[in-house]
Amino acid sequence: MATLNIVSPFAEDVVARLHAGDQVSISGVVYAARDAAHKRLVEALAHPDKSGLPFDIRGQTIYYVGPTPAKPGEVIGSAGPTTSSRMDPYTPRLLEAGLRATIGKGGRSAAVREALVRHKALYLATIAGAGVLLSRRIRRAELVAYGELGPEAILRLEVEDFPAIVINDIYGADWFQMAKAQYARPAS
Amino acid sequence: MREISANTITEAVARLCVEANTHLGEDALSKLESARERETSPLGQQVLGQLLENARLAREESMPLCQDCGTVVVFLELGQDAHVVGGNLRAAIEEGVRRGYRQGYFRGSIVRQPFTARQNTGDNTPPVIHTEIVPGDKLRIVLLPKGGGGENMSRLAMLTPAQGRQRIIETVVKAVEDAGGNPCPPTIVGVGIGGTADKAMLLAKVALLRPVGSPSGDPETAELEAELLERINRLGIGPLGFGGITTALAVHVETYPCHIAALPVAVNLQCHSARVAEAVV
């Protein structure tokens, strides 16, 4: 299967070209954020002037990760994805505010899948449980906000050749459903 | 009465934390290896190879296999002729977790107040401890760092006797199907049948401590395990949900007698990073 090299943040035409099941290799910037950070981001968006948002999420990519602490001299510790569906309650609001892609593991709710189509955004999955392997694709990590949340802080990550698979494209296709249907063997 | 010092226990727990988080056992590795050979989905096969590569890197570089270093679940079998001296048993174990997680640069994933403040304790304490008093004068410590993704997919069904074996199968297969890619398949499916609600859940977790793929010693239970594994691997979910014939590496079932009115069934899923370490002190 051919792997497509793409740059994050993703341009609109790149997003339009990708389809569920495509394997991609991502270079560029992604933001690490998980449960507690999402709660705060959505609270910040509820403010009339949105001044509380710690970074401009328009066009950006969020990676659902809470890494282990970096050992001395290392960029980051193990850094695989966490379960995306826990972010489902917050995701439509962030997509509405301009977020263009999310990376995690596992499936999304119907509400998120609809919002992805409506806002022309992608959901991708990466290699869950391969935290060491993925940490090597992260070249730089810096704290953006909520340091007091420890492993749930928002980080700006620079990645190079970070592997992922497009799960939900902007046309409403879902790779998890497609793959399962392809390999399911009903009991005889 | 044999004396066991609290400090010995602390050191053993710290060592087990590091070992479990960085060394995937040979049992899990060989199951992943054979799954890779059998897997028919090219993407699934590729993923299984990446998981094996990740395990190799973790061991060589003493890095945690996964960023989720889990809730530390500790199973103690304390000999009734052993006596812990020089400190409190629980405090000794907590200190071991604290030291092991600091030493290994592992993530603290525990929050103190679960439904409001959710302040991270910073050192992954406290662990969850299950203690059984057994004959003998030793202390056996089995440590399972249990990831949140798999644990969140747990299920308990209080079936009725009439529903029987067939409904047990449906319940377990449905739990795995509903979990999809969330618990990081291929999983080890822990199943507890019998006892009470709490006992069934504990049995499902204890089932995960067996070497991956080792069948139950009871032929009827082993047959159920084999049938469940076959059914689960027909679901098509595959490695990480990307499609394939490897959704579970093994199904382990533990049973216990139960009330004439009851048939409790519990499911506890272990991700592919089946981290277990044990010591006897």
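Everything below is about the structure shown above.
Residues numbered from 1 in each chain as written. Chains lettered and ligands numbered in written order. Predicted model: local features only at pLDDT ≥ 70, side-chain atom pairs only at ≥ 80, totals over all residues. Heavy atoms only, no water.

Asker: Whenever I open this one, the overall build of chain B confuses me. Can you help?
Answerer: The secondary structure content of chain B amounts to eight helices and ten strands. Its C-alpha atoms give chain B a radius of gyration of 19 Å, within 12% of the compact-globule value 19 Å for 281 residues. Referenced to the eigenvectors of the C-alpha coordinate spread, the extents of chain B come out at roughly 55 × 50 × 40 Å. For chain B, with 281 residues in total, the buried portion stands at 57%. For chain B, restricting intrachain contacts to residue pairs at least 6 apart in sequence, the fraction spanning at least 24 positions comes to 83%. When the accessible surface of chain B is summed, it comes to about 11400 Å², and 52% of that surface belongs to carbon and sulfur atoms. Each charge sign in chain B was given a centre, from 27 positive and 32 negative side chains, and these centres are 4 Å apart. (Helix = DSSP H or I, 4+ residues; strand = E, 2+ residues; numbered from the N terminus. Rg over C-alpha atoms; globule rule 2.2 N^0.38 Å. Buried < 20%, exposed > 50% of the residue type's maximum accessible area, 1.4 Å probe, protein only. Contact = heavy atoms within 4.5 Å. Areas by Shrake-Rupley, 256 points an atom, 1.4 Å probe, with all protein chains shown as cover. Lys, Arg positive; Asp, Glu negative; His and termini not counted. Charge placed at Lys NZ, Arg CZ, Asp CG, Glu CD.)

Asker: Even after reading the chapter, I still don't get the pattern of salt bridges, so can you show me in this structure?
Answerer: Side chains bearing opposite charge may pair, as long as their charged atoms lie close to each other. A full pass over the atoms with the stated rule returns 38 salt bridges over all chains. Of the charged contacts, one joins Glu96(A) and Arg93(A) as a salt bridge, the two residues approaching to 3.7 Å between their closest N and O atoms. Of the two residues, Glu96(A) and Arg93(A) both sit in helix H3 (residues 91-96), three residues apart, roughly one turn of that helix. On the accessibility criterion, Glu96(A) (53% relative accessible area) is exposed. Its salt-bridge partner being Glu33(B), residue Arg36(B) comes within 2.7 Å of it at the nearest N-O pair. One end of the pair, Arg36(B), and the other, Glu33(B), are both in helix H2 (residues 26-38), three residues apart, so they sit about a helical turn from each other. Take Arg36(B): its relative accessible area is 31%, and that puts it in the partly exposed class. Where salt bridges share partners, they join Arg90(B), Glu94(B), Glu95(B), Arg98(B), Arg99(B) and Asp123(B) into one cluster. (Salt bridge = Lys/Arg side-chain N within 4 Å of Asp/Glu carboxyl O.)

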